[in-house]
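Overview (structure and organization)
One letter stands for each residue in the lines below.
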Amino acid sequence: LIGTIGNVLDNDTLNGILTDSEKVTIAIVSGGNPNITLNNNGTLTVQSGIAPGNYVVTYQICEKLNATNCDTATITINVQDNESPVIAALPAPTTISCSVTPVFAQATATDTCGPANLTFEDTTVQGSCAGSYSITRTWTAKDSAGNITTASQVINVRDTAAPTTSRPYSTLVD
């Protein structure tokens, strides 16, 4: 839910006096959108998932005691996407042995105004010992308005196995 953006009754009058929801009925006549709600108490809410843009909603307000005493009004709602997508938490940095293949988590992203496009880039930095390195996978989430956020996961690859030999050593010491 993006939230309540106002109340149409703050600007509507009945017989020249500001009215309240106990005296009138309110209904959308045209320009409805599944993510825009005009509630019986006059509050106008916009829910998440709505694409940025201008939305024109026409509603009718009628007096409860005189149902033929009605009028219509138009509201223009300008939805802007100023928030970056959110990438769900990724695992903390881990260290694995050289013999194990690095496996990264699949990132997920959400955005209040619609889907976010996820891409990733891997950066490998060689370690100081043969066979050791670190891989950083950086995920980038971009929404339709161009807002961007990033998150990374690091896997360190190290030689964690003790050396072995196939040759027996003599136990004689001079």
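The notes below deal with the structure included here. It should be emphasised that the depicted structure is a prediction, and the values quoted were computed from it without experimental measurement.

Conventions we followed
- Residues numbered from 1 in each chain as written.
- Predicted model: local features only at pLDDT ≥ 70, side-chain atom pairs only at ≥ 80, totals over all residues.
- Heavy atoms only, no water.
- Helix = DSSP H or I, 4+ residues; strand = E, 2+ residues; numbered from the N terminus.
- Contact = heavy atoms within 4.5 Å.
- Areas by Shrake-Rupley, 256 points an atom, 1.4 Å probe, with all protein chains shown as cover.
- Lys, Arg positive; Asp, Glu negative; His and termini not counted.
- Charge placed at Lys NZ, Arg CZ, Asp CG, Glu CD.
- Salt bridge = Lys/Arg side-chain N within 4 Å of Asp/Glu carboxyl O.
- Buried < 20%, exposed > 50% of the residue type's maximum accessible area, 1.4 Å probe, protein only.
- Polar contact = N/O pair within 3.5 Å; in protein donor to acceptor, adjacent residues only side chain to side chain.

**What about the overall build of the chain?**
Across its full length, the chain holds zero helices and 14 strands. Each helix (α) and strand (β) of the chain, taken in turn from the N terminus, gives the series β-β-β-β-β-β-β-β-β-β-β-β-β-β. Along the first, second and third principal axes, the C-alpha set of the chain runs to 115 × 25 × 20 Å. Long-range pairs, those at least 24 residues apart, make up 56% of the contacts in the chain between residues at least 6 apart in sequence. Per element, the accessible surface of the chain, about 11300 Å² overall, is 51% carbon and sulfur. Taken together, the 6 basic and 14 acidic charged side chains of the chain have centroids lying 13 Å from each other.

**Some words on the pattern of salt bridges**
Applying the stated criterion to the full structure yields one salt bridge. Put simply, arginine 137 and aspartate 122 hold a salt bridge, and the shortest N to O gap is 2.7 Å. Of the two residues, arginine 137 sits in strand E13 (residues 133-143) while aspartate 122 sits in strand E12 (residues 116-126), which places them 15 residues apart along the sequence.

**A few points about the environment of asparagine 7**
Tracing the backbone through its elements, the reader meets asparagine 7 in strand E1 (residues 3-7). A residue is classified by how much of its surface remains accessible, and asparagine 7, at 23% relative accessible area, is partly exposed. Considering only alpha carbons, one finds asparagine 7 and glycine 42, 35 residues apart in sequence, at a separation of 5.0 Å. Beyond its immediate sequence surroundings of up to four residues, asparagine 7 is in contact with Asn41, Gly42 and Thr43. Side-chain polar atoms of asparagine 7 contact the backbone oxygen of asparagine 41, separated by 3.2 Å.

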